[in-house]
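# Structural features, examined
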Amino acid sequence: MEHLIDIAQLSTDEVDALIRKAEDIIANPAKYADICRGKTLATLFFEPSTRTRLSFEAAMYGLGGNVLGFSEAQSSSASKGESVSDTAKTVSCYADIIAMRHPKEGAPLVASMAASVPVINAGDGGHNHPTQTLTDLLTIHKEKGRLDNLTIGFCGDLKFGRTVHSLITAISRYKNIRVVLISPDELKLPSYIKKDVLQKNNIEYAQTTDLEAVMPELDILYMTRVQRERFFNEEDYLRLKDSYILTKEKLSGAKSDMAILHPLPRVNEISVAIDEDPRACYFRQVLYGKFIRMALILKLLGLEA
Ligand code: NCD
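Within each chain, residues carry numbers counting from 1 in the order of the written sequence. Reporting of local features is limited, given that this is a predicted model, to residues whose pLDDT is at least 70; pairs of side-chain atoms are given and counted only at 80 or more, and all residues count toward the totals for whole chains, interfaces and linings. Computation of side-chain values covers all heavy atoms of the structure but excludes hydrogens and water.

## Describing the site of the ligand
Let me state the cut-off plainly: One heavy atom within 4 Å of a molecule or strand is enough for the residue carrying it to be called near that molecule or strand. Under the rule applied, a polar contact is a pair of N or O atoms within 3.5 Å (in protein, one hydrogen donor and one hydrogen acceptor; residues adjacent in sequence only if both atoms are side-chain atoms). Surface exposure here means Shrake-Rupley accessible area, sampled with a 1.4 Å probe, where a residue is shielded only by the protein chains that are shown. Polar here means any residue outside two lists: the nonpolar Ala, Val, Leu, Ile, Met, Phe, Trp, Tyr, Cys and Pro, and the charged Asp, Glu, Lys and Arg; Gly therefore counts as polar.
In the region of the ligand, the neighbouring residues are T52, R101, H129, Q132, R162, T163, R225, Q227, P263, L264 and P265. Measuring from an oxygen atom of the ligand, one finds a side-chain N or O atom of R225 at 2.7 Å. Between the ligand and Q227, the relevant distance is 2.8 Å, taken from an oxygen atom to a side-chain nitrogen or oxygen of the residue. For the ligand, whose unbound accessible area comes to 310 Å², protein coverage reaches 94%. Looking at the shell around the ligand residue by residue, the class counts come to 3 nonpolar, 5 polar and 3 charged.

## A few points about the nonpolar core
Filter applied, for reference: Joining through side-chain atoms within 4.5 Å is the link that ties buried Ala, Val, Leu, Ile, Met, Phe, Trp, Tyr and Cys residues into a set, and such a set is a nonpolar core. Between buried and exposed lies partly exposed: a residue is buried under 20% and exposed over 50% of the maximum accessible area for its type, with that area taken using a 1.4 Å probe on protein chains only. Every helix listed is a DSSP run of H or I at least four residues long, and every strand listed is a run of E at least two residues long, numbered separately from the N terminus. All domain edges in this entry derive from an automatic or database-based domain assignment. Note on contacts: a residue pair is in contact if any heavy atoms of the two residues lie within 4.5 Å.
Counting 60 residues, the largest nonpolar core has L134, F154 and I168 as its most contacted members. When residues in this core are grouped by element, the largest group, 10 residues, is from helix 11 (residues 282-301). Here this core gathers at least three residues from each of two domains, domain 1 (7-128 + 289-301) and domain 2 (130-285). Leaving out residues up to four positions away in the same chain, I168 has contacts with F154, L181, L189, I193, V197 and L198. The next biggest cluster of nonpolar side chains, apart from the first, holds 20 residues, and it includes A254, M258, I270 and A280.

## A few points about the domain arrangement of the protein
The test is simple: Buried area adds together the accessible area that both of two parts lose upon being put together, with accessible area traced by a 1.4 Å probe. Salt bridge criterion: a side-chain nitrogen from Lys or Arg within 4 Å of a carboxyl oxygen from Asp or Glu.
The assigned domain composition of the protein is domain 1 (7-128 + 289-301) and domain 2 (130-285). Between the C-alpha centres of domain 1 and domain 2 the distance comes to 25 Å. Taken residue by residue, the interface counts 31 residues in domain 1 and 26 residues in domain 2. For the pair domain 1 and domain 2, the two sides together bury roughly 2,300 Å², of which 60% comes from carbon and sulfur. For the interface between domain 1 and domain 2, the tally reads 2 salt bridges. A salt bridge links E47 to R162, with the shortest nitrogen-to-oxygen separation between them at 3.1 Å. Our enumeration of links across domain 1 and domain 2 arrives at 12 residue pairs in polar contact (both at pLDDT 80 or more). Of all the elements in the fold, those that place two or more residues in the side of domain 1 that touches domain 2 are helix 1 (12-27), helix 3 (51-62), strand 3 (97-102), strand 4 (119-124) and helix 11. In terms of residues, the side of domain 1 that touches domain 2 owes the most to one element, helix 1, which gives 8 residues. Across the side of domain 1 that touches domain 2, the residue classes tally to 13 nonpolar, 11 polar and 7 charged.

## A few points about helix 6 (residues 130-144)
Under the convention used in this document: To estimate how far a helix should reach, multiply one less than its number of residues by 1.5 Å.
Spanning 15 residues, helix 6 covers 21 Å between terminal C-alpha atoms, matching the ideal 21 Å at 1.5 Å per step. Of all 15 residues in helix 6, 12 are buried, a share of seventy percent or more. Immediately downstream of helix 6, the backbone of G145 shows phi near 75 degrees, a positive value.

## Digging into the side chain of R162
Turning to its location among the elements, R162 is positioned in helix 7 (residues 162-171). Accessibility expressed as a relative area gives 7% for R162, which makes it buried. One polar contact links the side chain of R162 to the main-chain carbonyl oxygen of G125, over a distance of 3.1 Å. Ignoring anything within four residues of it in the chain, the contact list for R162 reads E47, R101, H102, G123, D124, G125, G126, H127, N128, H129 and R230.

## A word on the packing of helix 7 against helix 8 (residues 191-199)
For clarity, the threshold we go by: Lines are fitted to the C-alpha atoms to define the axes, a helix being fitted only along its stretch in contact, and any angle between axes, read from their N-to-C directions, falls within 0 to 180 degrees. With respect to orientation, any angle under 35 degrees is reported as roughly parallel, any angle over 145 as roughly antiparallel, any angle of 65 to 115 as roughly perpendicular, and every other angle as oblique. Two helices crossing with the near one rotated counterclockwise from the far one by less than a right angle form a left-handed crossing, whereas a clockwise rotation gives a right-handed crossing.
The interhelical angle for the contact between helix 7 and helix 8, taken along N-to-C directions, is 15 degrees, at an axis separation of 9 Å. Regarding the angle of helix 7 to helix 8, the classification is roughly parallel. In the crossing of helix 7 with helix 8, the sense of the turn from one axis to the other is right-handed. Here helix 7 contributes H165, I168 and T169 to the contact with helix 8, which in turn contributes Y192, I193, V197 and L198. The class makeup of the residues in the contact of helix 7 with helix 8 is 5 nonpolar, 2 polar and no charged.

## Some points on the packing of helix 4 (residues 84-92) against helix 5 (residues 107-114)
Working note: a packed helix pair is described by the angle between its axes plus the distance between those axes. Running from N to C, helix 4 and helix 5 point in directions that differ by 50 degrees, and their axes come no closer than 8 Å. Overall, the two elements helix 4 and helix 5 adopt an arrangement that is oblique. Crossing of helix 4 over helix 5 shows right-handed handedness. Contact residues: V84, S85, A88 and K89 in helix 4; A107, V110, A111 and A114 in helix 5. The class makeup of the residues in the contact of helix 4 with helix 5 is 6 nonpolar, 1 polar and 1 charged.

Dropping the structure here:
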């Protein structure tokens, strides 16, 4: 049985196949509309979510399947002290596949070891978020037509931003990738990712605090919010939260075809005036998230159209 806990579990060939499948679903939705009839997805969300949970649910409905689950830990037996393993064993009795989000790093991995159905990590603490990465890769492929030969700037909270960690892991496997890390000193990319991913794959990378200075080099700008819920004290959050605010003026040095991505939710790191700019991809990115999750559900359930 296959789970998806870390994006590195998928080879680049498997990622590319998922992207092709998602593109086929976009082009021919009717072909897939009934394929999951009688199958059930459980969404177990112990942390807040709008896009990830609803896109999983929309994906399963789009495939003709059923959905059940909970959207806060308080409404599940976790609040009575039930372990993640026992919850996973229980839900395996009701569902064919599980998507789990949890504030503790590693919780979806623990669930996958106890479950008798495939488990998908829908975000674990400040660690990983592989399905957001599949969404990001499909978005890059749709917007730029390629996943290689790109300079990608990651801006904001690179320390706690799990989407950043997973996307750097995935994109580092493609040819001729350059990474520019833009963050305040306190929110730099963890050194284990620099060592185990960037240096190990011989990826050329730079670190800076100055977004405008590197803007002209970027093919993609991946903005992120400062992850308030992972801070130990509110003062640090308040001091760092507005480190980067992307405005029209700051974009003036950018390439005319630079793609601006953001996993969302946006707090105020991108001015709403930019939403009208053709380079703003983040709401298209939301839509792609549904289609790539449809492709992933089919792969993990072993279903072909
Ligand atoms: C991200 C997450 O949950 O890590 N959101 C998402 O899934 N699209 C990013 C974030 O919360 O900042």
